[in-house]
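Overview (structure and organization)
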Amino acid sequence: MAIENKKELKDKIIATIETLKVKIEELKEVTKPIAPENAIGRISRMDAINNRSVNEASLRVAEEKLKKLERALLKIDEPNFGICIRCNKPIPEGRLLIMPESITCVNCAQY
Ligand SMILES: [Zn+2]
């Protein structure tokens, strides 16, 4: 991967990490324990529980992505960055730009 592309990718990863951290904070806020039954109406409590499980799922996805991106950022200056861990071929730059956390090429990602 060319140096200037690597720099662009690095900036992109850093920006995405910042955005994810904000999102994770927001999701943590909305996944806090729900007030007891008598504090809010029964229907709105059920709504709150439903929304909460959706938000909890989003939170897990966001945290997982954050971990992967932080790992990618640590590895980006290593010579084997952007090399598929399965077939050892370079991962296309287009894929890395969309998913910098990729550790496999498209072909190998299917397995
Ligand atoms: Zn591969």
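Predicted model, so just to flag it, every value in this text is computed and none were measured. (Residues numbered from 1 in each chain as written. Predicted model: local features only at pLDDT ≥ 70, side-chain atom pairs only at ≥ 80, totals over all residues. Heavy atoms only, no water.)

Okay, the overall build of the chain next. When helices and strands are counted, the chain shows four helices and zero strands. Going residue by residue from the N terminus, the α and β elements of the chain occur as α-α-α-α. For 111 residues, the compact-globule estimate of 2.2 N^0.38 gives 13 Å, and the C-alpha radius of gyration of the chain, at 19 Å, exceeds that figure by more than 25%. For the C-alpha atoms alone, the extent of the chain along its principal axes is close to 60 × 30 × 20 Å. Buried positions account for 25% of the 111 residues belonging to the chain. About 7800 Å² of surface is accessible on the chain, with carbon and sulfur atoms providing 57% of the total. (Helix = DSSP H or I, 4+ residues; strand = E, 2+ residues; numbered from the N terminus. Rg over C-alpha atoms; globule rule 2.2 N^0.38 Å. Buried < 20%, exposed > 50% of the residue type's maximum accessible area, 1.4 Å probe, protein only. Areas by Shrake-Rupley, 256 points an atom, 1.4 Å probe, with all protein chains shown as cover.)

The N-to-C vectors of helix α1 (residues 3-30) and helix α2 (residues 42-75) enclose an angle of 155°; their axes lie 9 Å apart at closest approach. Of the possible angle classes, the one that applies to α1 and α2 is roughly antiparallel. The crossing of α1 and α2 is left-handed. For the pair α1 and α2, the contacting residues are Lys10, Ile13, Ile14, Thr16, Ile17, Leu20, Lys21, Ile24, Leu27, Lys28 and Val30 in the first and Arg52, Asn55, Ser58, Leu59, Ala62, Glu63, Lys65, Leu66, Leu69, Glu70, Ala72 and Leu73 in the second. Each residue belonging to the contact of α1 with α2 can be placed in one class, and the counts come to 13 nonpolar, three polar and seven charged. (Axes fitted to C-alpha atoms, helices over the stretch in contact; angles between N-to-C directions. Parallel < 35°, antiparallel > 145°, perpendicular 65-115°, else oblique. Left-handed = near helix turned anticlockwise from the far one by under 90°. Contact = heavy atoms within 4.5 Å. Nonpolar A, V, L, I, M, F, W, Y, C, P; charged D, E, K, R; others polar.)

A few words now on the environment of Ile13. Mapped onto the fold, Ile13 is located in helix α1. A relative accessible area of 0% means that Ile13 is categorised as buried. Note: C-alpha distance between Ile13 and Arg86 (73 residues apart in sequence) is 23 Å. Not counting the four nearest positions on each side in its chain, Ile13 is found in contact with Leu69, Ala72, Leu73, Ile76 and Pro100.

Once that is clear, we can look at the coordination of the zinc ion. Donor atoms from the polypeptide that bind the zinc ion are Cys84 (SG), Cys87 (SG), Cys105 (SG) and Cys108 (SG), placed at 2.2 to 2.4 Å. If you look at the zinc ion, its four donor atoms make angles of 101 to 118° with each other, and the shape they trace is tetrahedral. Read in sequence order, the donor residues coordinating the zinc ion give the pattern C-x2-C-x17-C-x2-C. (Donors = N, O, S within 2.8 Å, 3.2 Å for Na, K, Ca; no water. Tetrahedral: all angles 85-135°; square planar, octahedral: opposite > 155°, others 65-115°.)

Let us now look at the confidence of the model for the chain. Close inspection of predicted coordinates is inappropriate in any region flagged by low pLDDT. In the predicted model, the chain carries a mean pLDDT of 91, and 96% of its residues have values of at least 70. Ranking the elements of the chain by mean pLDDT puts helix α3 (residues 93-98) last, at 91, and α1 first, at 94. (pLDDT = per-residue confidence, 0-100.)

As a further point, take the nonpolar core. The biggest cluster of nonpolar side chains holds 18 residues, and the ones touching the most others in it are Leu9, Ile13 and Phe81. For this core, the secondary-structure elements that each account for two or more residues are α1 and α2. (Core = buried A, V, L, I, M, F, W, Y, C linked by side-chain atoms within 4.5 Å.)

This part takes up the layout of surface pockets. Here the largest pocket is characterised by a volume of approximately 300 Å³. Lining the largest pocket are 17 residues, with Lys68, Glu101, Ser102, Ile103 and Thr104 sitting closest to its centre. (1 Å grid on protein atoms, 1.4 Å probe; cavity = no way out; pocket = protein on both sides within 12 Å on 5 of 7 lines; lining within 4 Å. Points joined across faces, edges and corners; volume = space filled by probe spheres on them.)

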